[in-house]
Structure formats: structure tokens, C-alpha cells
Amino acid sequence: MKNIFTLLVIFIIMAVGAKAQDSEAYLDNASSEYKSGNLENARFNLQQMLQEINVAIGRDILALLPEELADMQKVEDADNASGINTGYAGIFVNRSYTAENRNAAIEIMSDSPLLSGINILLNMPIFIAGDPMQKRIKIDGQKALLTKNTSAEGKIGYDVQMAFGSTLLTFNCSGVDSENEVTAMLNKIPIQEIQKVAQ
Amino acid sequence: MKKLTRYLFLILLAGIIPMQGLMAQGRFLRKLQNKAEDKAIEKVFGKETNDPNNPNNPNNSNNSNSNSVFGSSDSNAPTNNRGEGLTTTPPDVLENIGAAEKSFDGKQYADARFAVRQAILGIELEMGNNVLEGLPEEISGLPYVKEEDMVASTGIGFVGLIIERVYRKDDQQFKVSIGNDAAMLTAANMYLASGAYATTTDQNYKNVTLGEYRGVIEYDEYSGYTLSVSIGQTSVLVAEGINFETEDAMMSAAENINIEKIKKELGE
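Residues numbered from 1 in each chain as written. Chains lettered and ligands numbered in written order. Predicted model: local features only at pLDDT ≥ 70, side-chain atom pairs only at ≥ 80, totals over all residues.

### Observations concerning the overall build of chain A
No. 1: A tally of helices and strands in chain A yields 6 helices and 9 strands.
No. 2: Expressed as a percentage of the 199 residues in chain A, the buried residues total 41%. (Helix = DSSP H or I, 4+ residues; strand = E, 2+ residues; numbered from the N terminus. Buried ≥ 20, exposed ≤ 12 C-beta atoms within 10 Å, placed from the backbone.)

Encoded structure:
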């Protein structure tokens, strides 16, 4: 799962490419192109604007995330908020935390029609029935799937997936031994507020 | 490995769920067709309101309604036989651009996104209608069916804009579908234009050219001829012909479509 997200980040960075331009200009251009009958150009400008809006929403989500989790500080340069307009995922937000021998990351994908399907699936109890390393938990009123894993070096880690509306939040950490500590960290993430911003 | 299999299954199912919407559309169309047939029979033979087996008889106590959202049936609920349906006025583009600007300035990004999407929807519907206006009213002696003209825009890049027109007479049909601005169409177009199909020995499909555009024609015993032509970076034209005698007849029907005009309307 982590590899899938890493690939997705690379894909989004490649697709977004150039730096965001002046958002207002996109709307002005769209308006003038539409008035002069250039419908495709008007649509193109609006699609660019949509991307800008998604980046702005991503920044708002980053501002809501905690600066530190347990004793881990956020990694400044790792903050990322991208907007993409392929219909697969409109918003991608990433924040990483680190401390000696332990680290964590929060990834949020939003504005994707496919995520509604994943939401339903994550909330199906049948998916975790056969795996003793998985359990369903509830964070800030939302159900999530918690998976415990152990690396080849014997380091314990946890993955959490939580889907709400068209948003998928993924949390992973390693070097954290206790499940209670994981849920305490998750409780610091303002899920309801993120949901409100990302909707 | 077990974990990987589980995630693959999860992704597969996530892909299947949106398909349920399409299946529901199919059910709806079948229901619509049945209803239209019932109406036609009624018109010819008259309405038999006292027939206890007639589902349209409101006095029939056995007439159950199983259309509930949650699947339960209510034996006392009447069947809907009135109502014009939803209005299909396209969103006002300039009004929505203005609303998006206002919301964006006020940092109401979710509202701004909604307004931009509505504006895109309005533009795509207009583009689709312009393309339909440019299509011929008759192809190879088949008149177009006005009621079946269709423009669909989801405002999502994954699907994009879809335009359809059907030409039909007796048992012969020619259907034109145009897809535009979908992320997947870029890959499909690369495939269509690459000549990759030419490497196969399967004679049910082969490479053809329609004017100066490369494409692929397929034949299926049950569905007839299908011609797919790449007409730009993100647009594809698909023509389906039922009961066309030969490949030449199908191709000459397709030649009636002015691709340049379509490309111009779609900005390709």
C-alpha cells in the first residue's frame, strides 16, 4: 500500500508539473474565451482553475494537521499539497513526522469518485474477519481500518486507512509499539474539520 | 502476498462499484422501454382499467410497488404514471464563473470548486450540442432519431464529455458516439493510431483509415460493425452499424461524418 502511494505521489508531481499561476487569471480568461465562443479554451482555463482550487484546499488541510505527533516533529520539506485533474484524485496532501527511531506520515487523497467505492469497502466487516493483524477502530466519529505490521528487522508499525465521503486518509507509523499510542496520535488529527474542508 | 491479494481485490471491487450505476441505468432504460411498449399497446387496444391483472389499475390491491429506495415493497403505494421528470437546463456558465470568483476570494474553496464544475458542465453541454448540430440529419438513407440525441458531461476528467446520435430505419441502425476530454482517451488514441492492431491475425478487426484518420474496424456477428477512430489528442469517434451488408457500406456511411467540423467544435 505504501508503495502504491509513493508511486501515486510521483505520478501527481509529474502530472502537475509547472508551478501554479494566478488563479484569478484563469477565471478571467475562461470568462473572456467563453464570451468570444472559444469553448474549449474556456473549459481548459476552468480545469486549470479547478486544479488551483484543489491545491488551495490541500493547503487548508495541511494547516489543520498537527505540527507534532507524540514526540515526533513534522518534516518541513516533506509537506505537499497537490491538485490534479484526471478525475482519479483531485487533491493529494502529505505530511511526515520524525523522531529518533520512529516516524509517521499522514496522506490524504480527496475529490475522487473512486474513493466512495473504497469507503464502502473499508466499512465492510467481512474484509477484516480473517486477519488477526487487522481491526476496525473509530477516530473522531469515523470508522477506520487498523493494520499492525512487523518489518524484517522486527520493527513494529501500524497502517490506518480511513475513508469518508470522497476522501481517503492514510496514516502509517513505524517504531511505535503500542496500539493505544497510535490511536492517541490519530485522535490529534481533526477528521471532522478535514472532512468539512475537503468536501 | 496475502496482503497484496487483499488490496488487489479491494481495488477491483472499488472499480466494480461505480459500474453498478451503469447497470442501474440499464435497468432504468429497460423499464422505460417496457413502459413505452405498454403505452403503445394501450393506445391500440384501449385501457383495461378493470382488469385485476392490469398493473396500471389503481383499484388492483395486488398491485405492489417495489421501487422503494431501500428495496422494501409497499402494497398500498400507487405506481407513478405522471410527472415530467427533471428539468435539463444547462448551468449558466458566466454566472458560475462569477460565483467561483466570489467564493475563491472569500476562501470558500469547496463552493468555488462546485461553481467551476458547474461552469465546465455548462460549457461541455454547449460543446456537445454544437457537435450534434454539425452531424448530418441522414446517413445512408437512415434518418436520425431526435429523441435519442445525447450529450453527457460529468465534470470529471475520468469520464469527460460523451455525445451520441442514432440513425435508424427498420432493422438498420447507425450510431455515432464521440468521447472527448477523458484521461483514458489519450491512451486509447495512442493505441488506435499506433497500428498495434495490425500485429494480430484475428480477422474480426483490422486497421482502416477514415479520410486522413487512422482507426480500427471490428465485426461481431451479434452487434455488427464497430469503427473506432482517433480524432485528436483526447477525442475518439465510435460508429456502430447494425445490419450493414458489407464493410464498404459501413465505411461509406461513416464518411458522411465531418470529422474536421467535430474537431473544431471540440477544440482539437
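### A look at the confidence of the model for chain B
Residue and element names in this part refer to chain B.
No. 1: With 62% of its residues at a pLDDT of at least 70, chain B reaches an overall mean of 76.
No. 2: Taken as a whole, residues 7-30 scores under 50 in pLDDT and shows 11 contacts with residues more than four places along the chain or in a different chain.
No. 3: Low pLDDT, under 50, characterises residues 58-64; the stretch is placed with 8 contacts to residues that sit more than four places away or in other chains.
No. 4: As scored by the predictor, the complex reaches a pTM of 0.71 and an ipTM of 0.75. (pLDDT = per-residue confidence, 0-100. Contact = placed C-beta atoms within 7 Å.)

### Some points on the pairing of strand 6 (residues 134-139) of chain A
Residue and element names in this part refer to chain A.
No. 1: Alignment of strand 6 against strand 7 (residues 142-150), held across 6 bridges, turns out to be antiparallel. Bridge pairing links Gln134 to Thr147 in strand 7.
No. 2: The hairpin turn running from strand 6 into strand 7, its antiparallel successor, is 2 residues long, and Asp140 in that turn takes a positive phi close to 45 degrees. (Pairing = 2+ DSSP bridges.)

### Here's the deal with the domain arrangement of chain B
Interfaces are often sized by the amount of accessible area the parts lose when they come together.
Residues and elements named next belong to chain B.
No. 1: One can read the domain layout of chain B as domain 1 (30-66), domain 2 (90-134) and domain 3 (139-266).
No. 2: Counting from both sides, the interface comprises 12 residues of domain 2 and, opposite them, 13 residues of domain 3.
No. 3: Partitioning the side of domain 2 that touches domain 3 into residue classes produces 6 nonpolar, 4 polar and 2 charged. (Domains from an automatic or database assignment. Nonpolar A, V, L, I, M, F, W, Y, C, P; charged D, E, K, R; others polar.)

### Re the packing of helix 3 (residues 109-134) of chain B against helix 6 (residues 259-266) of chain B
Residue and element names in this part refer to chain B.
No. 1: Across the interface, helix 3 lies against helix 6 with an axial gap of 9 Å and an inter-helix angle of 165 degrees. In this view, helix 3 runs roughly antiparallel relative to helix 6, as classed from their interaxial angle. Here helix 3 and helix 6 pass one another in a crossing that is right-handed. Contacts from Met127, Asn130, Val131 and Gly134 in helix 3 reach Lys261, Ile262, Glu265 and Leu266 in helix 6.
No. 2: Looking at the contact of helix 3 with helix 6 residue by residue, the class counts come to 4 nonpolar, 2 polar and 2 charged. (Axes fitted to C-alpha atoms, helices over the stretch in contact; angles between N-to-C directions. Parallel < 35°, antiparallel > 145°, perpendicular 65-115°, else oblique. Left-handed = near helix turned anticlockwise from the far one by under 90°.)

### Topic: the pairing of strand 7 (residues 213-220) of chain B
Residues and elements named next belong to chain B.
No. 1: Here 6 bridges tie strand 6 (residues 205-210) to strand 7, and the two strands are oriented antiparallel to one another. Within the sheet, the bridge partner assigned to Thr209 lies in strand 7 and is Arg214.
No. 2: The antiparallel hairpin formed by strand 6 and strand 7 contains 2 residues in its connecting segment, where Gly211 sits at a positive phi of about 65 degrees.
No. 3: The pairing of strand 7 with strand 8 (residues 224-230) spans 6 bridges and is classified as antiparallel.

### A short note on the environment of Met251 of chain B
No. 1: By the element assignment, Met251 of chain B lies in helix 5 (residues 247-254).
No. 2: Taking the C-alpha atoms as reference points, Met251 of chain B and Val208 of chain B, separated by 43 residues in sequence, lie 9.2 Å from one another.

### Here we look at helix 5 of chain B
For an α-helix the count is 3.6 residues per turn, leaving residues at separations of three or four pointing the same way.
Residues and elements named next belong to chain B.
No. 1: When helix 5 is considered as a whole, its buried residues turn out to be Met250, Ala253 and Ala254. Looking down the long axis of helix 5, one finds its buried residues gathered within 100 degrees of arc, a one-sided arrangement.
No. 2: The inward-facing, buried residues of helix 5 abut strand 1 (138-139), strand 5 (172-180), strand 6, strand 8 and strand 9 (235-242). (Arc of directions from axis to C-beta.)

### Thoughts on the nonpolar core
No. 1: Formed by 86 residues in total, the largest nonpolar core has its most connected members in Ile53 of chain A together with Val116, Ala119 and Leu237 of chain B.
No. 2: The dominant element in this core, judged by the number of residues it contributes, is helix 3 of chain B, at 12 residues.
No. 3: Counting contributing residues per domain, this core is built from domain 2 (90-134) and domain 3 (139-266) of chain B, each supplying no fewer than three.
No. 4: In this view, Ala119 of chain B contacts Leu46 of chain A together with Pro91, Val93, Asn96, Ile97 and Ala100 of chain B; residues no more than four positions away in its chain are not counted. (Core = buried A, V, L, I, M, F, W, Y, C linked by C-beta atoms within 7 Å.)

### Comments concerning the sheet that holds strand 5 of chain B
Residues and elements named next belong to chain B.
No. 1: The sheet built from 7 strands is open, its strands ordered 3-4-5-9-8-7-6 with antiparallel pairing. One side of each edge strand has no neighbouring strand; the edge strands of this open sheet are strand 3 (150-153) and strand 6. Within the sheet, the average angular offset between the axes of one strand and its neighbour, ignoring direction, is 20 degrees.
No. 2: Relative to the sheet, helix 3 contacts strand 3, strand 4 (161-169) and strand 5, its axis offset from that of strand 3 by approximately 155 degrees.

### Section: the confidence of the model for chain A
No. 1: On average, residues of chain A carry a pLDDT of 81, and 77% of them reach 70 or more.
No. 2: Taken as a whole, residues 7-21 of chain A scores under 50 in pLDDT and shows 13 contacts with residues more than four places along the chain or in a different chain.

### Comments concerning the packing of helix 2 (residues 23-35) of chain A against helix 3 (residues 39-64) of chain A
Residue and element names in this part refer to chain A.
No. 1: Two numbers describe how helix 2 lies on helix 3: the axes approach to 8 Å, and their chain directions differ by 160 degrees. When the interaxial angle is binned, helix 2 and helix 3 end up roughly antiparallel. In the packing of helix 2 onto helix 3, the handedness of the crossing is left-handed. Contacts from Ser23, Tyr26, Leu27, Asn29, Ala30, Glu33 and Tyr34 of helix 2 reach helix 3 at Leu39, Asn41, Ala42, Asn45, Leu46, Gln48, Met49 and Glu52.

### Observations concerning unusual backbone geometry
Among all residues except glycine, the phi angle is most often negative; among peptide bonds, the trans geometry is most common.
No. 1: Phi at Asn101 of chain A is positive, roughly 65 degrees, even though this residue is not glycine.
No. 2: Structurally, Asn101 of chain A is set in the loop between strand 4 (91-99) and strand 5 (102-110).
No. 3: Asn101 of chain A sits in the exposed class, given 9 other C-beta atoms within 10 Å.
No. 4: The backbone of Lys107 of chain B sits at a positive phi, close to 60 degrees, despite the residue not being glycine.
No. 5: Judged by the 10 C-beta atoms lying within 10 Å of it, Lys107 of chain B is exposed.

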